[in-house]
Amino acid sequence: MRARDDDRMNRTDAALRDRVFDALSSERYAEARRIAEHAIRAGTADDMIRYLHTYAVERMGDLPRALREAADYLAAGRTEMRREYLRLRAAVAYRIGEPQAAAFYCDAYREEPADVGLYSSFLLAQNAREVDEGELFAAHCTYGALFADVPQYTFPSPRRHEKIRVGYISPDFRRNVMQNFIQPLLTAYDRAGFEVYVYSTAAEPDDVTEALRSYADVWRDVGDAPAAETAARIRADEIDVLIDLAGHAAGGALPVLARRPAPVQMLGLGYTATSGLHEVDAFLTDAVCDPPGAGHERYFTEELVRLPSQFCYVPPAHLPVSRETPARRRGYIVFGVFNQYRKFTDEMLSVWREILERVPASRLLLKSQVFFAGEMRAAAEERLRRLGFDLGRVLLEPADTGYMRRYLDVDIALDTFPWPGGGTTCDALYMGVPMVTRYAARRSTRFGCALLSHIGLAELAAMGTEDYIALAAALAGDLDTLDDLHRGLRGMMERSPLMDQKGYMRALEDAYRRFAAVGSERTV
């Protein structure tokens, strides 16, 4: 009798799992959550149904609850879905800026040491912390050691191509913040001297993918193919210079580069620190992020290649121009932070609260994708209340398609620390909104400083917390200067190295030529 009951329950659970999977596959997350909740209340012992419930909760944006459910499952010592819950706990913690996110990724990696992507996620999460740069470098070198026994391609005879074959590999040939920096690589290169091959690892190609496709000489959608298979494809294409545009970010292709499919390999744009791989020859940067003589070379396994700007920004077309600082018509200052919520540390939030206190009647607009969910907004409000904010002076908004135009309502943008913005800073400046940033010696804290320096506004970059607060408060009290900046910043951007596509590509291609000349003679 007991066996028949167990068999009936197993069949019921299997049918419920199928229903939940069906709902999830069609992105009917609320329905999946309801089915799983009903099964859990009915007493199911099926761990898969429990996990799928947590996954649906996460997809609906209730990140605090998803994190609690993962913690509860792991604390209970259950094992069937342990690996999945370790991954989910780390990913959710990372999205909400939980200080333990890096440690959670480390836990997940220890459980699955064959998945080097989990170690990359650990490294990425480390950048959000005020960690010692030597410690960060050592952690990246550990990544490189994971590939010590991976076979590499050799190049026994020099290559002689009519044009230098440049390969770009990235998950970001799609609609996201990186598209604004990737575009010049495909649209502004010297077609007389170079052939461009694209290896797109994008999981979900979109309209931007299609728009970019026609600019490459050769486009290959490699998706999530095994690293060895993608490396073999690149080797067969006889790429002279291969550039990874993502590094340790999600979807990055460093395991491909570890196999040395090209005689010259570089890292640039999408990651803030070294790859940790000795098979990567160069790291693309600039003289503000990595000042000559500052000793940053000791934190890289690659040679530093300093361009006029680390980034070249191409904004969306047909955007309106700011005519004056909005405080003129509104009567009070609005500070804006459009960076991702995971970059909001408690220390940074406390700094923004202090700025509000120094600027009477001012408001703080926090715009981030996670605020689409009411539960996440409520959690953020509770966090702000705990840190002493007057919630009547704070606006929480989800990111949306009107993101760029919303800058027209912002007087001053505030950057995050120790993980500053890149794309969001360029967006703000292009829309006429001055950005106040903070930086330190660590190169990954210096993006905002570099971007401001390139347009001639290095005075808006502060070395310490008090200077950051003072800069923001002083700027808020000078409406004439704010007017000048709101009217003039777009022109300053357009005349700067940040938007000089020809100058940027000329410097980049000079570096390609220099390295390719050495690489063509390489025998490894």
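A brief report on the enclosed structure follows.

The rules behind each value
- Residues numbered from 1 in each chain as written.
- Predicted model: local features only at pLDDT ≥ 70, side-chain atom pairs only at ≥ 80, totals over all residues.
- Heavy atoms only, no water.
- Disulfide = S-S within 2.5 Å.
- Buried < 20%, exposed > 50% of the residue type's maximum accessible area, 1.4 Å probe, protein only.
- Helix = DSSP H or I, 4+ residues; strand = E, 2+ residues; numbered from the N terminus.
- Phe/Tyr/Trp six-rings, centres within 6.5 Å; stacked < 30°, edge-to-face > 60°.
- Lys NZ or Arg CZ within 6 Å of the ring centre and 35° of its normal.

The bond known as a disulfide is covalent and runs between the sulfur atoms of two cysteines. In this structure the tally under the stated criterion is zero disulfides. In this structure Cys 289 is not part of a disulfide, and its nearest cysteine sulfur, from Cys 449, lies 8.0 Å away. Taking relative accessible area as the criterion, Cys 289 reaches 1% and is therefore assigned buried. Summary of cysteine pairing: Cys 312 is not part of a disulfide, and the nearest cysteine sulfur, belonging to Cys 426, is at 9.5 Å.

All right, on to unusual backbone geometry then. A cis amide bond links Phe 417 to the next residue, Pro 418, at an omega of 10°. Position of Pro 418 relative to the elements: it lies in the loop between strand 11 (412-414) and helix 17 (423-430). The backbone of Glu 238 sits at a positive phi, close to 55°, despite the residue not being glycine. Within the fold, Glu 238 resides in the loop between helix 11 (227-236) and strand 4 (241-244). Here Glu 238 falls in the partly exposed class, since its relative accessible area comes to 34%. The phi angle at Arg 260 is positive, at roughly 50°, despite the residue not being glycine.

We now examine the packing of aromatic side chains. For the structure shown, the criterion picks out 22 aromatic pairs. Ring plane angle 65° and centroid distance 6.4 Å describe the contact between Tyr 94 and Tyr 105, whose orientation is recorded as edge-to-face. Taken together, the residues Tyr 94 in helix 5 (residues 82-95) and Tyr 105 in helix 6 (residues 101-111) connect sequence positions 11 residues apart. Judged by its relative accessible area of 9%, Tyr 105 is buried. Taken together, a centroid distance of 5.3 Å and an interplanar angle of 70° make the contact between Tyr 109 and Tyr 119 edge-to-face. One end of the pair, Tyr 109, is in helix 6; the other, Tyr 119, is in helix 7 (residues 116-126), with 10 residues separating them in the sequence. Here the two residues Tyr 109 and Tyr 119 agree in accessibility, since each one is buried. Every member of this aromatic cluster is reached through a ring pair, and the members are Tyr 109, Tyr 119, Phe 122, Tyr 143 and Phe 147. A cation over a ring is seen here: Arg 89 above Phe 104, with NZ or CZ 3.9 Å from the ring centre. Directly above the ring of Phe 417 sits Arg 438, whose terminal nitrogen or CZ lies 3.8 Å from the centroid.

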